[in-house]
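# Coordinates in review
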Amino acid sequence: MLNGQLGDCVLDHIAIAVKDLEASVKVYEALGLKFDAKREIVEEQKVKTAFAPIDENGHIELLEPTEENSNIGKFIEKKGPGIHHMCFKVEDVTKKTDELKAKGFQFIYSEPQKGAGNCLVNFIHPKSTGGVLIEISQKLGEA
Ligand code: ZN
């Protein structure tokens, strides 16, 4: 149980696809958010990321594609920059993937993948969630 009050699934981050990471960091800093100074490149996803906490669990994650021909690059080309997905933290992403698959949910990856911040992640297809791309994430330890 990650948080007795909230159940076993809590908001971890809202991810926003951006064209220019540092320009977007300035937008959210103007609102008062404080970004981690570290920028992380996730090779598997071909993105550069910046994180800012919004409460004790949740973050804003900005995603800038490092290649046009990547998921985020294609998303921006098709839909423009904007909210890309939300992510819920779970205790065991493999177990949760299997549970949800058994209930008929479709996933983007058959097996969880490495994500930013030393996490193991998978994505539930928007077809299964009413149009929202939902990531589930398991922390593997401090990065
Ligand atoms: Zn994410």
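Whatever comes next refers back to the structure up there.
Report on the accompanying structure.

Reading guide: rules and limits
- Residues numbered from 1 in each chain as written.
- Predicted model: local features only at pLDDT ≥ 70, side-chain atom pairs only at ≥ 80, totals over all residues.
- Heavy atoms only, no water.
- Patch = residues over 30% accessible without salt bridge, like charges linked within 9 Å, V, L, I, M, F, W, Y side chains within 5 Å.
- Areas by Shrake-Rupley, 256 points an atom, 1.4 Å probe, with all protein chains shown as cover.
- Salt bridge = Lys/Arg side-chain N within 4 Å of Asp/Glu carboxyl O.
- Lys, Arg positive; Asp, Glu negative; His and termini not counted.
- Charge placed at Lys NZ, Arg CZ, Asp CG, Glu CD.
- Helix = DSSP H or I, 4+ residues; strand = E, 2+ residues; numbered from the N terminus.
- Donors = N, O, S within 2.8 Å, 3.2 Å for Na, K, Ca; no water.
- Tetrahedral: all angles 85-135°; square planar, octahedral: opposite > 155°, others 65-115°.
- Buried < 20%, exposed > 50% of the residue type's maximum accessible area, 1.4 Å probe, protein only.
- Pairing = 2+ DSSP bridges.
- Axes fitted to C-alpha atoms, helices over the stretch in contact; angles between N-to-C directions.
- Contact = heavy atoms within 4.5 Å.
- Core = buried A, V, L, I, M, F, W, Y, C linked by side-chain atoms within 4.5 Å.

### Quick look at a negative patch on the surface
- A cluster of acidic residues, Glu91, Asp92, Asp98, Glu99 and Glu111, forms a negative patch at the surface.
- The topology assignment puts Asp92 in the loop between β5 (82–89) and α3 (93–102).

### Considering the coordination of the zinc ion
- Protein ligation of the zinc ion involves His13 (NE2), Glu61 (OE), His85 (NE2) and Glu135 (OE), the donor distances falling in the range 1.9 to 2.7 Å.
- Around the zinc ion sit four donor atoms; with metal-centred angles ranging over 74 to 165°, the donor geometry is irregular.
- Counting residues between consecutive donors of the zinc ion along the chain gives the motif H-x47-E-x23-H-x49-E. Taken as a pair, Glu61 in strand β4 (residues 59–65) and Glu135 in strand β8 (residues 134–139) lie far apart in primary sequence, 74 residues in all.
- Under the relative-accessibility criterion, Glu61 is labelled buried at 5%.
- Overall, the relative accessible area of 6% leaves Glu135 in the buried class.

### A word on the sheet that holds β4
- Spatial ordering of the open sheet is given by β2-β3-β4-β1-β5-β8-β7-β6, a layout of eight strands whose pairing is mixed. Both outer strands of the open sheet, β2 (40–42) and β6 (113–115), are each paired with one neighbouring strand and no more. With strand direction ignored, the average angle separating the axes of adjacent strands in the sheet is 35°.
- Taken together, the three bridges between β6 and strand β7 (residues 119–124) define a ladder with antiparallel strand orientation. Directly across from Gly115, in β7, lies its bridge partner Cys119.
- Against the sheet, α3 makes contact with β7 and β8, and its axis sits at roughly 145° relative to β8, the strand it touches most.

### Details of the nonpolar core
- Grouped together as the largest cluster of nonpolar side chains are eleven residues: Ile16, Val18, Leu21, Val25, Tyr28, Leu33, Phe35, Ala50, Ala52, Ile60 and Leu62.
- Elements that contribute at least two residues to this core include exactly α1 (21–31), β3 (47–53) and β4.
- When residues of this core are assigned to their parent elements, the largest contribution, three residues, is made by α1.
- Ignoring anything within four residues of it in the chain, the contact list for Leu21 reads Arg39, Lys48, Thr49, Ala50, Leu62, Leu63 and Glu64.

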